[in-house]
Amino acid sequence: HRFQYISEMFKEADLLLAPSRFVRNMFVRHYPFLHGRTKVLPLGIPPIKENGSSPGRPREADGRSRFCYYGNVLPLKGLHVLIDGLRGIPEAKYLLTIYGARTPWNQSYYDLLTKKASGLPVRFQGRFDRDQLSEILSHQDVVILPSICYESFSFVIREAIQLGLPVIASRIGAIPEAIEDGVHGFLFN
């Protein structure tokens, strides 16, 4: 019923805007009559408040690579896959910091992640305000987005690149539209 209802609503539209080519292509695949009436208009990124610190990211004395995830802590974001993947890297080589709130809607998943990360160099930093983003990322080397669901746009990738950080992300959904593999970061399957 929902598909039929949405189809009827879309038939009334003269123009449908999608935030990425991926989303446009999904609309057209499921609603072929939208071909020619669907355009891509990427979302705007609000300015990021600079922290005023000097450019560059000084290395930690221990020489570890500093990886970071920030955003929603949900199973579809693939953090469990990321933590499992860290087990193959010597612990003295990295530090992963996860910024994201533990909420009533994700508490069991959040608790699962903290259990999986036990004994690994992984820190859970909780929630932060967006105006702290520049400061938070100034202490990181790489942002990781291990999504296992289709992303429709990804503010995280664009914010990280805007702040000069490379991104390692899943090759899924609209993510490849935001990262030029080998230039802004790396994509993985």
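The structure we're discussing is the one just above.
Below, the structure is looked at part by part. The shown structure was predicted, so the numbers you read here are calculated from the model rather than taken from an experiment.

What counts, and at which threshold
Residues numbered from 1 in each chain as written. Predicted model: local features only at pLDDT ≥ 70, side-chain atom pairs only at ≥ 80, totals over all residues. Heavy atoms only, no water. Salt bridge = Lys/Arg side-chain N within 4 Å of Asp/Glu carboxyl O. Buried < 20%, exposed > 50% of the residue type's maximum accessible area, 1.4 Å probe, protein only. Phe/Tyr/Trp six-rings, centres within 6.5 Å; stacked < 30°, edge-to-face > 60°. Helix = DSSP H or I, 4+ residues; strand = E, 2+ residues; numbered from the N terminus. Lys NZ or Arg CZ within 6 Å of the ring centre and 35° of its normal.

### What to know about the pattern of salt bridges
A full pass over the atoms with the stated rule returns ten salt bridges. Taking the shortest distance from any N to any O, the salt bridge between Arg 127 and Asp 129 comes out at 3.0 Å. Arg 127 gets classed as exposed once you look at its relative accessible area, which sits at 60%.

### A look at the packing of aromatic side chains
For the structure on display, the rule yields nine aromatic pairs. Ring centres of Phe 10 and Phe 27 lie 5.4 Å apart, and the angle between their planes is 85 degrees; on these two criteria the pair is classed as edge-to-face. Pair noted here: Phe 10 is in helix H1 (residues 2–12) and Phe 27 is in helix H2 (residues 21–30), with a separation of 17 residues, a long-range link. Phe 10 sits in the buried class, given a relative accessible area of 16%. Residue class for Phe 27 comes out partly exposed when judged on its relative accessible area of 22%. Aromatic pair Phe 10 and Tyr 31: ring centres 5.1 Å apart, planes at 90 degrees, arrangement edge-to-face. On the criterion of sequence distance, the pair formed by Phe 10 in helix H1 and Tyr 31 in the loop between H2 and strand S2 (38–40) is long-range, its members being 21 residues apart. Taken together through their ring pairs, the aromatic side chains of Phe 3, Phe 10, Phe 27, Tyr 31 and Phe 33 make up a single cluster. The ring of Phe 33 is capped by Lys 11, whose NZ or CZ atom sits 5.6 Å from the centre of that ring.

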